[in-house]
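Inside the fold
Below, each chain spelled out in residue letters.
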Amino acid sequence: MAVRPAWIAGLHGGSLGFSNPLQESPMRVDHLVEPDRVHRTVYTDQAIFDAEMEKIFERIWIYCGHESQVKAPGDYWAVTIGRQPMVMVRQKDGSIQVLHNRCPHRGVQLVGNRSGNTGSAFVCSYHAWSFHLDGSVRAIPLAKGYENTRMTRDNPDCNVKRAPRVDSYRGFVFASLSPDGPSLQEFLGEARIAFDDMCDRSPVGEVEVVPVCHRVIQRSNWKFFMENQLDALHPSVTHQSTGISAGRVEKRLKEQRGAAPLYYHYLSTFASSFDQWDSVQTINFPRGHGLLKAYMGLRPSDPETREYEALLEKAYGKQKMEEYLSRSIHHVLVYPYLSVQSPLQQLRCLRPIAPDKTLSEIWHFRLKGAPEAIYRRSLWYYNLVNSPATMINADDLENWTKGQWGLQSRGGDWVSFHRWHGDDREENGVAYSNHGTSEVVMRNQFRAWTQYMAA
Ligand SMILES: [Fe+2]
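Residues numbered from 1 in each chain as written. Predicted model: local features only at pLDDT ≥ 70, side-chain atom pairs only at ≥ 80, totals over all residues. Heavy atoms only, no water.

1. What about the overall build of the chain?
- Along the chain, the regular secondary structure elements total 15 helices and 23 strands.
- Since a compact globule built from 455 residues should have a radius of gyration of about 23 Å, the 24 Å found for the chain is in line with a globular shape.
- By principal-axis analysis of the C-alpha atoms, the chain measures approximately 85 × 65 × 40 Å.
- Among the 455 residues that make up the chain, the fraction classed as buried is 52%.
- Long-range contacts, defined here as pairs at least 24 residues apart, represent 65% of the contacts in the chain between residues at least 6 apart.
- In the structure as shown, the chain presents an accessible area of about 20400 Å², 50% of it carried by carbon and sulfur atoms. (Helix = DSSP H or I, 4+ residues; strand = E, 2+ residues; numbered from the N terminus. Rg over C-alpha atoms; globule rule 2.2 N^0.38 Å. Buried < 20%, exposed > 50% of the residue type's maximum accessible area, 1.4 Å probe, protein only. Contact = heavy atoms within 4.5 Å. Areas by Shrake-Rupley, 256 points an atom, 1.4 Å probe, with all protein chains shown as cover.)

2. Some thoughts on the coordination of the iron ion
- Coordination of the iron ion by the protein comes from His234 (NE2), His239 (NE2), Asp396 (OD) and Asp396 (OD), over a distance range of 2.0 to 2.5 Å.
- Positions of the donor residues of the iron ion, expressed as sequence spacing, correspond to H-x4-H-x156-D.
- On the basis of relative accessible area, His239 is assigned to the buried category, the value being 1%. (Donors = N, O, S within 2.8 Å, 3.2 Å for Na, K, Ca; no water.)

3. Regarding the domain arrangement of the chain
- Segmentation of the chain into domains returns domain 1 (61-176) and domain 2 (189-232 + 280-454).
- Once you take the C-alpha centre of each, domain 1 and domain 2 turn out to be 31 Å apart.
- At the boundary of domain 1 with domain 2, total buried surface from both sides reaches about 1600 Å², with 60% on carbon and sulfur atoms.
- Contact with domain 2 buries area across many residues of domain 1, yet Tyr63, Arg170 and Phe172 alone supply 38% of it, more than any other trio.
- Applying the counting criterion to the domain 1 and domain 2 interface returns 3 salt bridges.
- Its salt-bridge partner being Arg170, residue Asp196 comes within 3.2 Å of it at the nearest N-O pair.
- On the surface where domain 1 and domain 2 come into contact, there are 11 residue pairs in polar contact (both at pLDDT 80 or more).
- For the side of domain 1 that touches domain 2, the secondary structure elements donating two or more residues are strand E3 (61-66), strand E4 (75-81) and strand E12 (172-176).
- Take the side of domain 1 that touches domain 2: its biggest share by element is 5 residues, from E3.
- Residues of the side of domain 1 that touches domain 2, tallied by class, amount to 9 nonpolar, 5 polar and 3 charged. (Domains from an automatic or database assignment. Buried area = accessible area lost by both parts, 1.4 Å probe. Salt bridge = Lys/Arg side-chain N within 4 Å of Asp/Glu carboxyl O. Polar contact = N/O pair within 3.5 Å; in protein donor to acceptor, adjacent residues only side chain to side chain. Nonpolar A, V, L, I, M, F, W, Y, C, P; charged D, E, K, R; others polar.)

4. Focus on the nonpolar core
- If you look at the biggest cluster of nonpolar residues, it comprises 102 residues, and the most contacted ones within it are Phe172, Phe174, Phe195, Tyr337, Leu338, Leu347 and Trp449.
- With 8 residues, helix H15 (residues 440-454) is the largest single contributor of residues to this core.
- Counting the residues that make up this core, at least three belong to each of domain 1 (61-176) and domain 2 (189-232 + 280-454).
- Within the second largest apolar cluster, 17 residues are counted, among which are Cys103, Ile140, Met151 and Cys158. (Core = buried A, V, L, I, M, F, W, Y, C linked by side-chain atoms within 4.5 Å.)

In C-alpha coordinates form, the structure reads like this:
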(Lines give C-alpha, C1' and ligand atoms only; values in the text may rest on other atoms or scores of the structure.)
Protein backbone atom coordinates (compact mmCIF):
# COMPACT_ATOMS: atom_id res chain seq x y z
CA MET A 1 0.00 0.00 0.00
CA ALA A 2 1.42 3.35 -1.00
CA VAL A 3 2.24 5.86 1.68
CA ARG A 4 0.88 9.30 0.91
CA PRO A 5 3.35 12.20 1.00
CA ALA A 6 3.32 14.51 4.00
CA TRP A 7 1.75 17.42 2.18
CA ILE A 8 -1.23 15.27 1.23
CA ALA A 9 -1.58 13.77 4.71
CA GLY A 10 -1.37 17.29 6.15
CA LEU A 11 -4.14 18.51 3.91
CA HIS A 12 -6.44 15.56 4.37
CA GLY A 13 -9.31 16.58 6.66
CA GLY A 14 -7.47 17.89 9.71
CA SER A 15 -7.98 21.01 11.69
CA LEU A 16 -7.39 23.36 8.76
CA GLY A 17 -10.41 21.87 7.03
CA PHE A 18 -8.71 21.36 3.63
CA SER A 19 -9.77 18.40 1.55
CA ASN A 20 -7.47 15.82 0.02
CA PRO A 21 -6.48 17.10 -3.45
CA LEU A 22 -6.55 13.52 -4.73
CA GLN A 23 -10.26 13.39 -3.92
CA GLU A 24 -11.16 16.77 -5.37
CA SER A 25 -13.12 17.06 -8.56
CA PRO A 26 -11.48 17.92 -10.89
CA MET A 27 -8.52 16.17 -9.28
CA ARG A 28 -5.53 18.43 -8.68
CA VAL A 29 -2.40 16.98 -10.19
CA ASP A 30 -0.39 20.17 -10.52
CA HIS A 31 1.47 19.41 -7.28
CA LEU A 32 2.44 15.98 -8.55
CA VAL A 33 3.98 16.85 -11.91
CA GLU A 34 6.70 19.46 -12.34
CA PRO A 35 8.53 20.12 -15.61
CA ASP A 36 11.55 18.07 -14.52
CA ARG A 37 10.20 15.62 -11.92
CA VAL A 38 7.04 13.82 -10.78
CA HIS A 39 5.80 12.74 -7.40
CA ARG A 40 6.10 9.00 -6.79
CA THR A 41 2.39 8.71 -5.92
CA VAL A 42 1.50 8.92 -9.63
CA TYR A 43 2.84 5.36 -9.84
CA THR A 44 1.48 4.01 -6.56
CA ASP A 45 -1.77 5.70 -5.52
CA GLN A 46 -5.06 3.86 -5.98
CA ALA A 47 -7.09 7.09 -6.28
CA ILE A 48 -4.81 8.32 -9.05
CA PHE A 49 -5.06 4.96 -10.81
CA ASP A 50 -8.86 5.07 -10.61
CA ALA A 51 -8.84 8.60 -12.03
CA GLU A 52 -6.54 7.47 -14.86
CA MET A 53 -9.04 4.76 -15.79
CA GLU A 54 -11.93 7.22 -15.75
CA LYS A 55 -10.28 10.22 -17.39
CA ILE A 56 -7.93 8.51 -19.80
CA PHE A 57 -8.48 4.83 -20.54
CA GLU A 58 -12.28 4.92 -20.45
CA ARG A 59 -12.42 7.99 -22.70
CA ILE A 60 -9.69 7.83 -25.33
CA TRP A 61 -9.47 5.43 -28.29
CA ILE A 62 -8.31 2.02 -27.05
CA TYR A 63 -6.95 -0.68 -29.32
CA CYS A 64 -9.27 -3.70 -29.33
CA GLY A 65 -7.60 -5.93 -31.88
CA HIS A 66 -6.99 -6.46 -35.56
CA GLU A 67 -9.84 -7.04 -38.02
CA SER A 68 -8.32 -10.43 -38.88
CA GLN A 69 -9.04 -11.59 -35.31
CA VAL A 70 -12.76 -11.60 -36.15
CA LYS A 71 -13.04 -12.72 -39.76
CA ALA A 72 -16.55 -14.21 -39.99
CA PRO A 73 -19.92 -12.96 -38.69
CA GLY A 74 -20.27 -14.02 -35.06
CA ASP A 75 -16.49 -14.16 -34.47
CA TYR A 76 -15.72 -12.36 -31.24
CA TRP A 77 -12.72 -11.33 -29.21
CA ALA A 78 -13.03 -10.34 -25.53
CA VAL A 79 -11.02 -7.27 -24.57
CA THR A 80 -10.71 -4.94 -21.58
CA ILE A 81 -11.05 -1.18 -22.04
CA GLY A 82 -9.98 0.56 -18.85
CA ARG A 83 -11.85 -1.45 -16.23
CA GLN A 84 -14.64 -2.50 -18.60
CA PRO A 85 -14.93 -6.03 -19.99
CA MET A 86 -15.90 -5.64 -23.64
CA VAL A 87 -16.31 -7.87 -26.66
CA MET A 88 -15.36 -7.05 -30.24
CA VAL A 89 -17.67 -8.87 -32.65
CA ARG A 90 -18.00 -9.16 -36.45
CA GLN A 91 -21.51 -8.27 -37.68
CA LYS A 92 -23.55 -9.91 -40.43
CA ASP A 93 -22.92 -6.88 -42.69
CA GLY A 94 -19.15 -7.21 -42.20
CA SER A 95 -18.78 -4.23 -39.86
CA ILE A 96 -17.36 -4.59 -36.35
CA GLN A 97 -19.06 -3.59 -33.11
CA VAL A 98 -17.66 -3.46 -29.60
CA LEU A 99 -20.18 -4.34 -26.87
CA HIS A 100 -20.08 -4.38 -23.10
CA ASN A 101 -19.63 -8.01 -22.14
CA ARG A 102 -22.63 -7.94 -19.83
CA CYS A 103 -26.14 -9.34 -19.98
CA PRO A 104 -28.66 -6.55 -19.22
CA HIS A 105 -30.74 -9.00 -17.16
CA ARG A 106 -28.56 -9.93 -14.20
CA GLY A 107 -25.21 -8.57 -15.34
CA VAL A 108 -23.51 -11.86 -16.17
CA GLN A 109 -20.78 -11.75 -18.80
CA LEU A 110 -22.12 -12.92 -22.14
CA VAL A 111 -18.90 -14.53 -23.30
CA GLY A 112 -16.59 -16.31 -20.92
CA ASN A 113 -13.98 -17.34 -23.46
CA ARG A 114 -11.38 -14.98 -24.82
CA SER A 115 -12.42 -15.66 -28.40
CA GLY A 116 -14.76 -17.82 -30.46
CA ASN A 117 -17.80 -17.71 -32.70
CA THR A 118 -21.16 -17.05 -31.10
CA GLY A 119 -23.24 -17.93 -34.19
CA SER A 120 -26.05 -15.54 -35.02
CA ALA A 121 -26.64 -14.43 -31.40
CA PHE A 122 -25.19 -14.13 -27.93
CA VAL A 123 -27.09 -16.32 -25.48
CA CYS A 124 -26.58 -15.69 -21.78
CA SER A 125 -25.63 -18.89 -19.95
CA TYR A 126 -27.62 -17.87 -16.87
CA HIS A 127 -31.25 -17.37 -18.02
CA ALA A 128 -30.92 -17.69 -21.82
CA TRP A 129 -31.68 -14.08 -22.71
CA SER A 130 -30.40 -13.74 -26.26
CA PHE A 131 -29.05 -10.82 -28.26
CA HIS A 132 -28.31 -10.07 -31.90
CA LEU A 133 -24.67 -9.49 -32.82
CA ASP A 134 -25.20 -5.72 -32.55
CA GLY A 135 -26.35 -6.11 -28.93
CA SER A 136 -30.08 -5.56 -29.52
CA VAL A 137 -32.28 -7.98 -27.61
CA ARG A 138 -33.46 -10.95 -29.67
CA ALA A 139 -35.54 -12.90 -27.15
CA ILE A 140 -36.42 -12.85 -23.48
CA PRO A 141 -37.45 -16.42 -22.54
CA LEU A 142 -40.62 -16.84 -20.47
CA ALA A 143 -41.48 -13.22 -21.26
CA LYS A 144 -44.82 -13.36 -19.48
CA GLY A 145 -43.06 -13.05 -16.14
CA TYR A 146 -41.71 -9.62 -17.13
CA GLU A 147 -45.02 -8.16 -18.35
CA ASN A 148 -45.95 -4.93 -16.60
CA THR A 149 -42.36 -4.46 -15.38
CA ARG A 150 -39.82 -2.06 -16.86
CA MET A 151 -37.80 -4.95 -18.37
CA THR A 152 -39.87 -5.66 -21.47
CA ARG A 153 -38.19 -5.96 -24.86
CA ASP A 154 -39.30 -2.51 -26.05
CA ASN A 155 -37.11 -0.97 -23.32
CA PRO A 156 -33.64 -0.02 -24.69
CA ASP A 157 -32.22 -1.11 -21.31
CA CYS A 158 -32.82 -4.68 -22.51
CA ASN A 159 -30.14 -4.23 -25.17
CA VAL A 160 -26.48 -4.91 -24.53
CA LYS A 161 -24.74 -1.56 -24.27
CA ARG A 162 -22.36 -0.71 -27.08
CA ALA A 163 -19.14 1.27 -27.08
CA PRO A 164 -20.31 4.68 -28.35
CA ARG A 165 -17.55 4.88 -30.95
CA VAL A 166 -15.74 2.21 -32.96
CA ASP A 167 -13.35 2.91 -35.81
CA SER A 168 -10.37 1.31 -37.47
CA TYR A 169 -7.19 2.44 -39.11
CA ARG A 170 -5.61 0.15 -41.72
CA GLY A 171 -7.24 -2.87 -40.13
CA PHE A 172 -6.48 -2.00 -36.48
CA VAL A 173 -9.73 -1.64 -34.54
CA PHE A 174 -10.19 0.88 -31.75
CA ALA A 175 -13.14 1.80 -29.53
CA SER A 176 -13.85 4.77 -27.31
CA LEU A 177 -16.21 4.65 -24.34
CA SER A 178 -16.81 8.37 -24.72
CA PRO A 179 -19.46 9.53 -27.20
CA ASP A 180 -17.42 12.62 -27.99
CA GLY A 181 -13.82 13.69 -28.31
CA PRO A 182 -11.27 13.64 -31.12
CA SER A 183 -11.74 11.24 -34.01
CA LEU A 184 -9.49 8.16 -34.13
CA GLN A 185 -7.26 9.78 -36.74
CA GLU A 186 -7.01 12.97 -34.69
CA PHE A 187 -6.18 10.96 -31.58
CA LEU A 188 -3.46 8.96 -33.34
CA GLY A 189 -2.01 12.10 -34.95
CA GLU A 190 1.54 11.58 -36.16
CA ALA A 191 1.59 8.17 -34.47
CA ARG A 192 -0.49 6.91 -37.41
CA ILE A 193 2.87 6.20 -39.02
CA ALA A 194 3.05 3.08 -36.81
CA PHE A 195 0.26 1.43 -38.80
CA ASP A 196 1.20 2.95 -42.16
CA ASP A 197 4.77 1.76 -41.79
CA MET A 198 3.67 -1.74 -40.82
CA CYS A 199 1.13 -2.13 -43.64
CA ASP A 200 3.17 -0.39 -46.35
CA ARG A 201 5.78 -3.14 -45.95
CA SER A 202 3.26 -5.62 -47.39
CA PRO A 203 2.98 -5.80 -51.20
CA VAL A 204 -0.80 -5.61 -50.77
CA GLY A 205 -0.73 -2.98 -48.02
CA GLU A 206 -2.22 -5.22 -45.35
CA VAL A 207 -1.16 -7.31 -42.38
CA GLU A 208 -2.79 -10.28 -40.74
CA VAL A 209 -2.61 -11.08 -37.05
CA VAL A 210 -0.85 -14.20 -35.84
CA PRO A 211 -3.75 -15.19 -33.61
CA VAL A 212 -1.86 -15.96 -30.41
CA CYS A 213 -0.16 -13.49 -28.13
CA HIS A 214 2.13 -13.61 -25.14
CA ARG A 215 0.32 -12.24 -22.10
CA VAL A 216 2.58 -10.99 -19.33
CA ILE A 217 1.58 -9.57 -15.97
CA GLN A 218 4.00 -6.82 -15.01
CA ARG A 219 4.19 -6.11 -11.28
CA SER A 220 4.56 -2.43 -11.96
CA ASN A 221 2.65 0.66 -12.96
CA TRP A 222 1.89 0.99 -16.68
CA LYS A 223 4.00 4.16 -16.91
CA PHE A 224 7.22 2.22 -16.36
CA PHE A 225 6.67 0.37 -19.63
CA MET A 226 5.82 3.50 -21.61
CA GLU A 227 8.84 5.41 -20.30
CA ASN A 228 11.13 2.45 -20.88
CA GLN A 229 10.16 2.10 -24.55
CA LEU A 230 11.91 5.31 -25.56
CA ASP A 231 14.59 5.22 -22.84
CA ALA A 232 17.72 4.95 -24.97
CA LEU A 233 20.04 5.22 -21.97
CA HIS A 234 19.00 1.96 -20.31
CA PRO A 235 19.90 -0.68 -22.98
CA SER A 236 23.64 -0.25 -22.62
CA VAL A 237 23.19 -0.88 -18.87
CA THR A 238 20.20 -3.21 -18.50
CA HIS A 239 20.76 -5.31 -21.62
CA GLN A 240 24.56 -5.19 -21.64
CA SER A 241 25.18 -8.79 -20.59
CA THR A 242 22.71 -10.21 -23.14
CA GLY A 243 23.97 -7.94 -25.90
CA ILE A 244 27.63 -8.68 -25.29
CA SER A 245 27.06 -12.45 -25.15
CA ALA A 246 25.09 -12.41 -28.41
CA GLY A 247 27.74 -10.19 -29.99
CA ARG A 248 30.49 -12.69 -29.14
CA VAL A 249 28.61 -15.55 -30.81
CA GLU A 250 27.74 -13.35 -33.81
CA LYS A 251 31.43 -12.42 -34.23
CA ARG A 252 32.57 -16.04 -33.97
CA LEU A 253 30.01 -17.19 -36.56
CA LYS A 254 31.08 -14.44 -38.94
CA GLU A 255 34.69 -15.52 -38.55
CA GLN A 256 33.87 -19.20 -39.02
CA ARG A 257 31.18 -19.04 -41.69
CA GLY A 258 31.46 -15.57 -43.17
CA ALA A 259 28.01 -14.53 -41.90
CA ALA A 260 25.77 -14.83 -38.85
CA PRO A 261 21.96 -15.08 -38.88
CA LEU A 262 20.22 -11.71 -38.59
CA TYR A 263 18.70 -12.63 -35.26
CA TYR A 264 22.04 -12.44 -33.46
CA HIS A 265 22.12 -8.82 -34.56
CA TYR A 266 18.72 -8.23 -32.88
CA LEU A 267 20.39 -8.96 -29.55
CA SER A 268 23.94 -7.70 -30.07
CA THR A 269 22.79 -4.15 -30.93
CA PHE A 270 21.49 -3.78 -27.38
CA ALA A 271 25.16 -3.61 -26.33
CA SER A 272 25.84 -0.60 -28.59
CA SER A 273 28.03 2.07 -26.99
CA PHE A 274 26.59 4.93 -25.01
CA ASP A 275 27.60 7.37 -27.77
CA GLN A 276 25.67 5.33 -30.34
CA TRP A 277 22.57 5.35 -28.16
CA ASP A 278 22.89 9.06 -27.51
CA SER A 279 22.89 9.71 -31.26
CA VAL A 280 19.52 7.93 -31.82
CA GLN A 281 16.86 10.62 -31.83
CA THR A 282 13.45 10.48 -30.23
CA ILE A 283 10.52 12.48 -31.60
CA ASN A 284 7.96 13.45 -29.01
CA PHE A 285 4.51 14.19 -30.41
CA PRO A 286 1.44 15.84 -28.82
CA ARG A 287 -0.79 13.58 -26.63
CA GLY A 288 2.34 11.82 -25.31
CA HIS A 289 2.90 9.77 -28.47
CA GLY A 290 6.51 9.27 -29.52
CA LEU A 291 8.94 7.61 -31.87
CA LEU A 292 12.43 6.16 -31.51
CA LYS A 293 14.38 6.37 -34.74
CA ALA A 294 15.94 3.28 -36.30
CA TYR A 295 19.24 2.01 -34.94
CA MET A 296 19.31 -1.70 -35.77
CA GLY A 297 20.05 -1.58 -39.49
CA LEU A 298 17.35 -4.07 -40.50
CA ARG A 299 17.85 -4.06 -44.25
CA PRO A 300 20.31 -6.81 -45.20
CA SER A 301 21.10 -7.54 -48.84
CA ASP A 302 20.64 -11.32 -48.94
CA PRO A 303 18.66 -13.07 -51.72
CA GLU A 304 15.49 -13.28 -49.59
CA THR A 305 15.51 -9.53 -48.99
CA ARG A 306 16.07 -8.88 -52.68
CA GLU A 307 13.14 -11.14 -53.58
CA TYR A 308 10.97 -9.24 -51.10
CA GLU A 309 12.12 -5.85 -52.40
CA ALA A 310 11.27 -6.94 -55.96
CA LEU A 311 7.71 -7.73 -54.83
CA LEU A 312 7.36 -4.32 -53.22
CA GLU A 313 8.82 -2.59 -56.26
CA LYS A 314 6.35 -4.41 -58.50
CA ALA A 315 3.47 -3.31 -56.26
CA TYR A 316 4.45 0.30 -55.60
CA GLY A 317 7.32 1.30 -57.94
CA LYS A 318 10.95 1.79 -56.97
CA GLN A 319 10.56 5.21 -55.38
CA LYS A 320 7.75 4.16 -53.02
CA MET A 321 9.52 0.89 -52.20
CA GLU A 322 12.61 2.87 -51.17
CA GLU A 323 10.49 5.28 -49.15
CA TYR A 324 8.73 2.45 -47.30
CA LEU A 325 11.86 0.47 -46.51
CA SER A 326 14.06 3.37 -45.48
CA ARG A 327 11.84 5.11 -42.91
CA SER A 328 13.86 5.67 -39.77
CA ILE A 329 11.64 3.99 -37.19
CA HIS A 330 12.54 1.57 -34.42
CA HIS A 331 9.17 1.79 -32.72
CA VAL A 332 6.26 4.15 -32.22
CA LEU A 333 4.33 4.77 -29.02
CA VAL A 334 0.63 5.49 -28.97
CA TYR A 335 0.39 6.99 -25.49
CA PRO A 336 -0.54 5.71 -22.99
CA TYR A 337 -0.69 2.04 -23.87
CA LEU A 338 0.71 0.90 -27.25
CA SER A 339 4.20 0.24 -28.53
CA VAL A 340 4.28 -0.63 -32.22
CA GLN A 341 7.52 -1.87 -33.76
CA SER A 342 6.41 -1.53 -37.34
CA PRO A 343 9.58 -2.65 -39.20
CA LEU A 344 9.27 -6.05 -37.51
CA GLN A 345 5.46 -6.14 -37.24
CA GLN A 346 5.32 -6.25 -33.44
CA LEU A 347 2.65 -4.63 -31.27
CA ARG A 348 2.56 -4.51 -27.49
CA CYS A 349 -0.62 -3.35 -25.78
CA LEU A 350 -0.98 -2.50 -22.09
CA ARG A 351 -4.13 -3.24 -20.09
CA PRO A 352 -3.59 -1.65 -16.65
CA ILE A 353 -5.09 -3.67 -13.78
CA ALA A 354 -3.94 -1.86 -10.62
CA PRO A 355 -1.37 0.80 -9.69
CA ASP A 356 1.23 -1.97 -9.38
CA LYS A 357 -0.13 -4.48 -11.88
CA THR A 358 -0.27 -4.24 -15.68
CA LEU A 359 -1.14 -6.82 -18.30
CA SER A 360 0.80 -6.59 -21.53
CA GLU A 361 -0.37 -8.34 -24.68
CA ILE A 362 2.50 -9.00 -27.08
CA TRP A 363 1.38 -9.54 -30.67
CA HIS A 364 3.04 -9.95 -34.04
CA PHE A 365 1.69 -9.84 -37.58
CA ARG A 366 2.30 -11.31 -41.02
CA LEU A 367 2.85 -9.02 -43.99
CA LYS A 368 0.24 -10.26 -46.48
CA GLY A 369 1.85 -11.28 -49.75
CA ALA A 370 5.44 -11.23 -48.39
CA PRO A 371 7.73 -14.29 -48.52
CA GLU A 372 7.80 -16.68 -45.58
CA ALA A 373 11.44 -15.76 -44.86
CA ILE A 374 10.39 -12.20 -44.07
CA TYR A 375 7.76 -13.47 -41.64
CA ARG A 376 10.42 -15.62 -39.91
CA ARG A 377 12.33 -12.42 -39.10
CA SER A 378 9.30 -11.08 -37.32
CA LEU A 379 8.83 -14.37 -35.46
CA TRP A 380 12.48 -14.41 -34.38
CA TYR A 381 12.23 -10.90 -33.01
CA TYR A 382 8.99 -11.77 -31.27
CA ASN A 383 10.57 -14.71 -29.50
CA LEU A 384 14.08 -13.35 -28.95
CA VAL A 385 13.31 -9.83 -27.75
CA ASN A 386 9.63 -9.40 -26.83
CA SER A 387 8.74 -12.81 -25.44
CA PRO A 388 8.67 -13.28 -21.65
CA ALA A 389 11.18 -16.09 -22.14
CA THR A 390 13.90 -13.83 -23.52
CA MET A 391 16.62 -12.16 -21.47
CA ILE A 392 15.77 -8.74 -22.94
CA ASN A 393 12.17 -8.64 -21.74
CA ALA A 394 13.12 -10.39 -18.46
CA ASP A 395 15.77 -7.74 -17.71
CA ASP A 396 13.23 -4.97 -18.26
CA LEU A 397 10.58 -6.71 -16.15
CA GLU A 398 13.04 -6.95 -13.27
CA ASN A 399 13.77 -3.21 -13.49
CA TRP A 400 10.08 -2.29 -13.54
CA THR A 401 9.26 -4.48 -10.54
CA LYS A 402 12.18 -3.09 -8.56
CA GLY A 403 11.12 0.38 -9.68
CA GLN A 404 7.63 -0.14 -8.28
CA TRP A 405 9.01 -1.45 -4.99
CA GLY A 406 11.42 1.50 -4.80
CA LEU A 407 8.67 4.04 -5.32
CA GLN A 408 6.54 2.49 -2.59
CA SER A 409 9.31 3.22 -0.08
CA ARG A 410 9.66 6.44 1.87
CA GLY A 411 13.28 6.83 0.79
CA GLY A 412 12.37 9.83 -1.36
CA ASP A 413 9.31 11.43 -2.91
CA TRP A 414 10.37 12.47 -6.37
CA VAL A 415 11.21 10.75 -9.63
CA SER A 416 13.80 12.70 -11.63
CA PHE A 417 13.47 13.51 -15.31
CA HIS A 418 16.25 16.08 -15.33
CA ARG A 419 18.47 14.53 -18.01
CA TRP A 420 19.08 17.23 -20.68
CA HIS A 421 16.23 19.31 -19.25
CA GLY A 422 16.55 22.78 -20.74
CA ASP A 423 18.04 21.37 -23.94
CA ASP A 424 14.70 20.41 -25.58
CA ARG A 425 13.48 22.25 -28.63
CA GLU A 426 9.90 22.36 -29.80
CA GLU A 427 8.46 22.83 -33.27
CA ASN A 428 4.68 22.79 -33.83
CA GLY A 429 4.07 21.00 -30.56
CA VAL A 430 6.67 18.31 -31.29
CA ALA A 431 9.56 18.10 -28.82
CA TYR A 432 13.06 17.05 -29.88
CA SER A 433 16.41 16.76 -28.20
CA ASN A 434 19.88 16.50 -29.68
CA HIS A 435 20.47 13.66 -27.26
CA GLY A 436 18.84 10.26 -27.73
CA THR A 437 19.26 9.63 -24.03
CA SER A 438 17.37 12.80 -23.02
CA GLU A 439 14.48 12.42 -20.59
CA VAL A 440 12.43 14.69 -22.86
CA VAL A 441 10.45 11.48 -23.53
CA MET A 442 9.13 11.28 -19.98
CA ARG A 443 8.64 15.03 -19.73
CA ASN A 444 6.49 14.87 -22.88
CA GLN A 445 4.49 11.89 -21.62
CA PHE A 446 3.73 13.62 -18.34
CA ARG A 447 2.70 16.78 -20.13
CA ALA A 448 0.00 14.71 -21.86
CA TRP A 449 -0.85 12.88 -18.63
CA THR A 450 -1.40 16.19 -16.82
CA GLN A 451 -3.66 17.46 -19.59
CA TYR A 452 -5.80 14.32 -19.46
CA MET A 453 -5.97 14.26 -15.68
CA ALA A 454 -6.77 17.95 -15.27
CA ALA A 455 -9.56 17.83 -17.86
FE1 LIG B 1 14.91 -2.56 -22.12
